[in-house]
Each structure stands twice: as C-alpha cells, then as structure tokens.
Amino acid sequence: MKRLLIVVDYQKDFVDGALGFPGAEALDGPIAEKIAAYRAAGDDVAFTLDTHGPGYAGTQEGKKLPVPHCIKGEPGWRLYGRTAGLLQSGDPVFEKPAFPSLDLGEWLSGRDYGAVELCGLVSYICVLSNAVVVKAALPEAEVSVDARCTGGPDPALHKKALDLLETLQVTVTGRER
C-alpha cells in the first residue's frame, strides 16, 4: 500500500515567529522522525506552506487575522528546524494562500495512496481543513493525524479539533485522553 505524509505549514512564523506559540518547537523532533521513517519505508512526503504576499492586510484573512505572517521569501515563511533540512528537491510543495490547499486536493485526486497522514500546524485550522481536502480527494484512503505531531496555541480548540477529526473518520493516533 502506497503511503503519503503531508507536513502542513511547519513554518517559522507558526513556531517562533509572528504566530508562534509555546510548545510548537517541541514538535520539530517528532515531525522530523516521522519524515525520516516515511522515507526509510520508501513512502512519499509532501509539504504545504502558508504563503502570503505584501498585500496580506487587504485579504479576507488579513482583515480577520491582522498579523502579517508567512510572507513569501521572508524568514518566517521558511520551514522550521530539522524539518526544514528534510525537504528534498522532488517533494511536492503546495504554497497556499488559504487554510486548505485546493492544489493539494487536485494533485491527490486519482492517485493511489491507500493511507495519508497529516502533521504540522495549526491542528484546528490548516491541519483540519487539509484533512478534509484529503478525504474529498481520496475517499477510500485511510486518513490519519498523529496528535504528537500537531498542536495549536489554544489547547481547548486543539482537543476539539482532534474530536472533530475523529467525527470526520480521520484516525487520530498518539492522543492523550
């Protein structure tokens, strides 16, 4: 069975930058280990990058979240830590101006992945919305999220997101109850 790991927005601005939060840096080791395990098994790894331009403040998101972040080419847009060093030239990378990636869904559609796992940030925004995209593109694939490799600044919303993912038939592993 062909497997895919999607690393969602594990970028500097979400770890130690404009929208960073305590504990986000601790996800780097587990995410890096997961990437290495997928590669060792001969499986695929893809990345999404939250990507905005200098006109961010005038966008719908910018009006509702007036914190410039992940501006393409700036340091906060880059992948964080060890995870950054594991990006390989052949890996699919999806720059996305919104929470979910339509390009990711279109790329996945018709592929033969039997299992897709997501990790990264933020659990209750981009991880959740991209998990829904994966379910739409590959309705018969086993979709999962490892709770040890995702998080968000609001612990209550993080827990609710994990609950909601399970309701959407996404398997949540590594979850503390």
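Whatever comes next refers back to the structure up there.
Residues numbered from 1 in each chain as written. Predicted model: local features only at pLDDT ≥ 70, side-chain atom pairs only at ≥ 80, totals over all residues. Heavy atoms only, no water.

Caption draft 1: Spatial organisation of the overall build of the protein chain. For the protein chain, the count of helices and strands is seven helices and six strands. Going residue by residue from the N terminus, the α and β elements of the protein chain occur as β-α-α-β-α-α-β-α-β-α-β-α-β. Based on the C-alpha atoms only, the size of the protein chain along its principal axes is roughly 45 × 40 × 30 Å. For the protein chain, the computed accessible surface area is about 8400 Å², with 57% contributed by carbon and sulfur atoms. Computed over 18 positive and 24 negative side-chain charges, the separation of the two mean positions in the protein chain equals 2 Å. (Helix = DSSP H or I, 4+ residues; strand = E, 2+ residues; numbered from the N terminus. Areas by Shrake-Rupley, 256 points an atom, 1.4 Å probe, with all protein chains shown as cover. Lys, Arg positive; Asp, Glu negative; His and termini not counted. Charge placed at Lys NZ, Arg CZ, Asp CG, Glu CD.)

Caption draft 2: Up close: the nonpolar core. Ile6, Leu108, Leu118 and Leu165 are the most contacted members of the largest nonpolar core, which totals 25 residues. Discounting residues that sit within four places of it in the chain, leucine 165 has contacts with Leu128, Ala131, Val145, Val170 and Val172. If you look at the next biggest cluster of nonpolar residues, it comprises 24 residues, including Phe14, Val15, Cys119 and Cys149. (Core = buried A, V, L, I, M, F, W, Y, C linked by side-chain atoms within 4.5 Å. Buried < 20%, exposed > 50% of the residue type's maximum accessible area, 1.4 Å probe, protein only. Contact = heavy atoms within 4.5 Å.)

Caption draft 3: Structural detail: the packing of helix H6 (residues 123-137) against helix H7 (residues 155-167). The geometry of H6 relative to H7 is characterised by a closest axis approach of 9 Å and an angle of 15° between their N-to-C directions. The angle between H6 and H7 places the two elements in the roughly parallel class. Between H6 and H7 the crossing geometry is right-handed. For the pair H6 and H7, the contacting residues are Ser123, Tyr124, Leu128 and Ala131 in the first and Leu157, His158, Ala161, Leu164 and Leu165 in the second. Among the residues making up the contact of H6 with H7, the classes are represented as seven nonpolar, two polar and no charged. (Axes fitted to C-alpha atoms, helices over the stretch in contact; angles between N-to-C directions. Parallel < 35°, antiparallel > 145°, perpendicular 65-115°, else oblique. Left-handed = near helix turned anticlockwise from the far one by under 90°. Nonpolar A, V, L, I, M, F, W, Y, C, P; charged D, E, K, R; others polar.)

Caption draft 4: Region of the structure containing the pattern of salt bridges. All chains considered together, the criterion is met by 13 salt bridges. For aspartate 43, the salt bridge identified is with arginine 3, shortest N-O distance 2.7 Å. Here arginine 3 lies in strand S1 (residues 2-8) and aspartate 43 lies in the loop between helix H2 (28-40) and strand S2 (44-50), a separation of 40 residues in the sequence. Taking the relative accessible area as the measure of exposure, aspartate 43 reaches 13% and is therefore buried. Residue lysine 96 pairs with aspartate 9 through a salt bridge whose shortest N-O separation is 2.8 Å. With lysine 96 in strand S3 (residues 93-96) and aspartate 9 in the loop between S1 and helix H1 (12-15), this pair connects stretches of sequence that are 87 residues apart. When its relative accessible area of 0% is taken as the criterion, aspartate 9 is described as buried. (Salt bridge = Lys/Arg side-chain N within 4 Å of Asp/Glu carboxyl O.)

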